[in-house]
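# Structural overview
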Amino acid sequence: MTVAERPETPAVPLHRALGLTDDELTAIRERLGRDPNDVELAMFSVMWSEHCSYKSSKPLLRTLPTGSAADGVVAGPGENAGVISIGGGLAVAFKIESHNHPSAVEPYQGAATGVGGILRDIFTMGARPIAVLDALRFGDAADPRTRHLVDGVVRGVGGYGNCVGVPTVGGELVFDPSYGGNPLVNVMAIGLLEERFLTLASAPGPGNLVILFGSTTGRDGIGGASVLASATFTDDDPSKRPSVQVGDPFAEKLLIEASLELIERGLVEGLQDLGAGGITCATSETADRAGTGMAIDLDAVPRREPGMAAFEVLISESQERMLAIVRPERESDVREVCARWGIPCATIGLVTADGDIAVTEAGREIVRIPARSLTSDAIVHERVASPPARRRAAPAPGIPAATASAAASARIPERGMDPGAVLAALLGAPNQASRRPVFEQYDSTVQVNTVVGPGHGAAVLRVKGTTKALVATTDANAPVGGVDPWLGAALSVAEATRNVSITGARPLGVTNCLNFGDPTRPEAFWQLREAVRGLGDACRALGLPVTGGNVSLYNESPAGAILPTPEIGVVGLLDDVATLVGPAFAAEGDAILLVGEATPGLAGSEYARLAGPAAEDEPPGLDLDRERRLQAFAREAAARGLAASMQDVSGGGLAVALAEGAIWGGMGVTVRVPVAHSPAVDLFGESPSRVVVTTRPRHAPALELLARHHGLPVERIGTTGGDRFFVELAGAGATGAAEERGSRVADPIDLRVADLAHTWDHGLARALDWEAPAAAPEGR
Amino acid sequence: MTVRVGVVVFPGSNCDRDTTHALALAGADPVELWHETADLQGVAGVVLPGGFAYGDYLRAGVIARFSPVMRSVAAFAAEGGLVLGVCNGFQVLAEAGLVPGALLRNRGLRFLGRDVRIAVEEPDTPFTHLAGPRRPLRMPVAHGEGCYFADDATLDALEAGGRVLFRYVREDGSVAGEADDPANPNGSLRAIAGVRNAAGNVAGLMPHPERASEAILGSDDGFGLVRSFVESAAATAASAGRPLEAARR
C-alpha cells in the first residue's frame, strides 16, 4: 500500500489509506500548525506506526527497571542496543527484535532481513557482532504451511548469518497452533566492543555533514514498518509482498567492516542504521537525540532505480544502509574508507540548529517537520485494558485453545499412565526433541569463540584475551502466558536467567521482544500490560536491568491471536570460563541431587499439551525470592567447583531434565522420585525454581549444606551410571498402570538411554517430515 | 625467527581473523593480503581463508579467482610457494585450477555446520607432518558447497599420486561412504575432504582446522595441521627456494 497505489478518494482519505486515524491527523496538524502535505503525511504514517512509535506500549515500557551505571549499564533503552560493561574496558551490546510479519509473508527474506537489521543495531554502536540467537515459533508441525515457513525461515536465518560470518549459537523452536497464521521470528544479536569506541545514534554539531553509505535506495520495503508490522493480517497478504525488504548479507559484511573502521578511526560523530522508516527515521531520530535538525538534499541520495517519488526515497526500507554524522574536514577520509570496501557513499545534507527535518528536491523545499514531532513527541495512545471474563479457567478470548494440539488424540489419563511411554512421547515431541536438524544449517563456530553452541542449554562464548566468557539464552513461556500473562512473563524471565546461572555465570541484563495481539482489543492490551508488569516485577526481584527490546503487536490472523509471547533474551558473564558447568552428566557414579521442590499445576506444560488441558487446572506458581536464591545457589555451587553438571527443570519436567543429562552425557541413571503430589506433577510438571545437580559423592554433603544455606529444599534422588534410564516412583502418591492392574507397586521408567537418545534425536525431523537427520557427534 | 605468513582477505572473507588467530598461536607472524594488491609482502606461505568471497554470488569462488591478489598467489605457487585453502579458500583454489576437482553443492542441498572426523591420508607432507599419531581428527565443517567432485581418471590419479590429503571417516576411523553416510557430510566422491596439487605445494580442504586449534573450543585436533603449515613455511623461507623436501622431517 503506497501513496501511488492509493490515490485520495472521498471514500478513503489519504491519511487513512496510510494507516493514520483521524485523531492522529489532528495531532499532526497541531504539531505542524498547518496541514501536512502528502510527502509529510507519508513520513508521519511511518514514524507514527506502532512499530516505530511504540504509541501503545510506551506508557507501559516506562515502568520497567532500566538499571544504572552501578549495574554496569553503559547504554540502555532508546539506543539501538543495550550496552553493559564486562570490565577491562570491554562491554557487551545486545538486543532482540522481531521480524514476524515480513517472515509470514516471505519467510526467507523476512528472516534474513531480521538478522541483518538486528546486526546493524549492534555494530552501529561500535560493537563487532559475535553471536546470533533465533527464537522461532510456528503453527502445528504437521501443517504443510508451517513446514513451508520453517524451511524458509531457517534457510533465511542461515543464509544471512552464515554469510556475514556471525555464528548462530542458540535460540528456540516452538510449535503451537496459535502461531499458525502468524509465525514469530525473533532474533537476538550480541556484540563485543571496547567502551572507548561506544558510538551513539545522535547528530550533534550544526554544520556537520550527513553522509549516507551502504546499499543504494530502491522501492523494496516501502512502508514495511507501517504496512506490515502495524496491522493485523487479513486475507490479502500477497498484496503486502512488495513491502517485504530484500537482504544482501555480502553488502552487510562490507558494511560491518567499513562502519567499525570508521568508528575505530574516530571519523564519525554519530552513526545510525537505516531500518524501519528508512531515511525519515534515521534523520529525525539522530537529530532529535542531539536537539538539532537536518537539511536533506533528496537529489543526492543514490537510487537503485529511476523515477522514484520523493516519499518513496524518504520511507524506503532498502537494507544495508547507514547514516553517519561527519565533521566536514573528515569527509574525504570517510569516502576513502567506503571506497576501499566498495560501498556507495553520498553526502546528503547538513546538521542544522533549527530542530527541523527539511527536505529539498530540485532546489525546492518539499518537507519541513520538527524532528521531535516524528519521534519523541509522536502521539501516544492510552489503550483500554480489560481482563477476559474467565481469566484463569480458560485461555483468554481471541486465543484458540492452543494447548489442545494435534497431540490431543494421544490423550494420556493420569491414572494408569505408563510414565515411560509419556517420557518417550515427550522426548520425541516437536517441542522437546533435538533441534539439530535446524541448527546444523547454521554456522555456529565461526569467529572461534564458541565454547558451547546450540543444543545444550545456554550458549557460551569465550572472550579472547581474557579468562571470561559470555553466556546467552532466549526463553519465553507462552502457554502459561495464555492463561496468566503476568505469570507467563515472570516465568520467562526466571527461566532465561536460570539457564544462565546454572552455567555459573552472572546474568548482566535483559532484553525483551514482546509479541502480542491487536492493542485496540482490550483483552489483548490487558495481556500486554500484565506481561510488562510481570517482566518488571521479575527483573526487580532478580536485580536485573532491562536494557532494551522491541514490541511486536497485531500478531493476529483470521485464525485468531497468538499466545501472548514475551521473548526474553539474557546475557551473562562468567569471570573464569574454567569454572563453566554444563548440563550433561559428567561421570559414572556421581550423586544426583534435586534442589527445590515441585509445586502443583500442569496448565501450560508439555505434559498438558500431550494429555490435553484440564480446564480446571492452573499453572504452577512462581516465588521470585526462591528463584533468586536458587540462582545464587547455582552460581556459588559452580564457583566452588562442587557441581559436575547442572540442569534446570523446565519443559517436560524432572523426567525430561534427567533424560537430557543422561542422553548428553551418554550414561544411565538410577533414580528414586518421591511422589509428593502425583506422578504427573512430580515427573512431568514444570514448576520453576528447581535444578538437577550431579556431583562426586564426596561433594554431596557440601552441596546439600549450600542449598540449605540458601533456604532451598534438597534431596539426593539417585546415581549416574550404566546404560539404562531407571526412575522409580516412591511414596503414597505413587500410581501407574501397575496400580490399575491391582498391584500396589508403581511402574518405574526403565528404558535404554540409547533408545531415548534415538527418540530425542529423530523427533523433529519426523514431525516436520524432513529427511532423517544424520547422527552427528554428540557433545563436544 | 617467526615466519611471515599471508592471509588473503577478499571482500566477504569471514574466517580471515580466525585464521590469523590460529597462525599466531602456532608462532607465525600473519599479515593480511588485501584482494586488490598484487604484492605478497615477501610471505613464506599463503592461506586462503573461509567465508563468502564476493558473496559467493554466481558460484563459490568463481569471482575471487580473478582478483589481483590471486594472480600473485598463482605465480607464488608456480615457484613452489606453500598455499593452503580452507573451505571457501579451497573453493577458490579449485576455481583457479590450482588444485584439481570441483566443489559441488552438498548432497542434502542444505548448508551444513557440524563437527566431522577426517583421517590424514598422507602424513609426510608440508601440510600434515605435525598432525600427530594417526587417528581421526575432529573439526567443524560449515559450508553449502563442499561435495568434492572429479572424474574417475582424475580421482584414480590423485590416489595413485598420494595427492588425497584428507578423507572423511567414521568414529572408528573407517573411511566414510559416498552416499547416505553421515560421516561424509556433503557426499564428496571417495569421501575426499582435502587434496593437493601435483607439485605438492598447494592444498585445500573443506573442514576448518583453525576452528579446532584450542581445547576450549572443543577440539585442538586441527592445530597440528596449522603448525605443519607454519613450520613448513619457515623451512622453505630458511631454505630459500630449495625443493620442498627440505621442509620435510
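Everything that follows concerns the structure shown earlier in this document.
Thresholds, definitions, all that
Residues numbered from 1 in each chain as written. Chains lettered and ligands numbered in written order. Predicted model: local features only at pLDDT ≥ 70, side-chain atom pairs only at ≥ 80, totals over all residues. Buried ≥ 20, exposed ≤ 12 C-beta atoms within 10 Å, placed from the backbone. Helix = DSSP H or I, 4+ residues; strand = E, 2+ residues; numbered from the N terminus. Arc of directions from axis to C-beta. Contact = placed C-beta atoms within 7 Å. Pairing = 2+ DSSP bridges. Axes fitted to C-alpha atoms, helices over the stretch in contact; angles between N-to-C directions. Parallel < 35°, antiparallel > 145°, perpendicular 65-115°, else oblique. Nonpolar A, V, L, I, M, F, W, Y, C, P; charged D, E, K, R; others polar.

## Remarks on helix α2 (residues 22–32) of chain A
Residue and element names in this part refer to chain A. Those residues of α2 that sit buried are Glu24, Leu25 and Ile28. Seen from one end, α2 has its buried residues packed into an arc of 105°, which puts them on one side. Exposed positions of α2 whose direction lies more than 90 degrees from the buried face are Asp22, Asp23, Thr26, Arg29 and Glu30. Those residues of α2 hidden inside the fold are in contact with α1 (14–17) and α3 (38–47). Backbone geometry just downstream of α2 places Gly33 in the positive-phi region, at approximately 70°.

## Points about the sheet that holds strand β10 (residues 192–196) of chain B
Residues and elements named next belong to chain B. If you trace the nine strands from one edge of the open sheet to the other, you get β2-β1-β3-β4-β11-β10-β9-β6-β7, paired in mixed fashion. The open sheet has two edge strands, β2 (29–34) and β7 (137–143), and neither has a second partner. Averaged over all neighbouring strand pairs, the angle between strand axes comes to 25°, with direction disregarded. Both strand β3 (residues 45–48) and strand β4 (residues 82–86) contribute to a ladder of four bridges, which runs parallel.

## Some thoughts on the environment of Glu24 of chain A
Residue and element names in this part refer to chain A. You can see Glu24 is positioned in helix α2. The exposure class assigned to Glu24 is buried, which follows from the 21 C-beta atoms found within 10 Å. Each C-alpha atom of the pair Glu24 and Val510 lies 33 Å from the other, and the pair is 486 residues apart in sequence. In this structure Glu24 touches Trp48 and Ile379, once residues within four positions along its chain are discounted.

## Notes on the packing of α3 of chain A against helix α11 (residues 278–290) of chain A
Residue and element names in this part refer to chain A. Close contact between α3 and α11 brings their axes to 10 Å; oriented N to C, the two are set at 75°. Between α3 and α11, the angle is such that the two are roughly perpendicular. Judged by residue contacts, Met43, Val46 and Met47 of α3 engage Thr280, Cys281 and Ser284 from α11. Broken down by class, the residue content of the contact of α3 with α11 amounts to four nonpolar, two polar and no charged.

## Here's the deal with the interface of chain B and chain A
The partner chain A presents 29 residues to the 25 residues of chain B that form the contact. Elements with a contribution of two residues or more to the side of chain B that touches chain A: α1 (16–25), β6 (112–120) and β7 of chain B. Among the residues making up the side of chain B that touches chain A, the classes are represented as 10 nonpolar, eight polar and seven charged.

## Comments concerning the packing of helix α18 (residues 485–501) of chain A against helix α21 (residues 624–639) of chain A
Residue and element names in this part refer to chain A. In contact at an axis separation of 9 Å, α18 and α21 are set at 10° when each is read in the N-to-C sense. Comparing the axis directions of α18 and α21 gives the class roughly parallel. Here Ala490, Ala494, Thr497, Arg498 and Ser501 of α18 lie close against α21, whose contacting residues are Leu624, Glu627, Gln631, Ala634 and Arg635. Each residue belonging to the contact of α18 with α21 can be placed in one class, and the counts come to four nonpolar, three polar and three charged.

So yeah, pure geometry; function would need other evidence.
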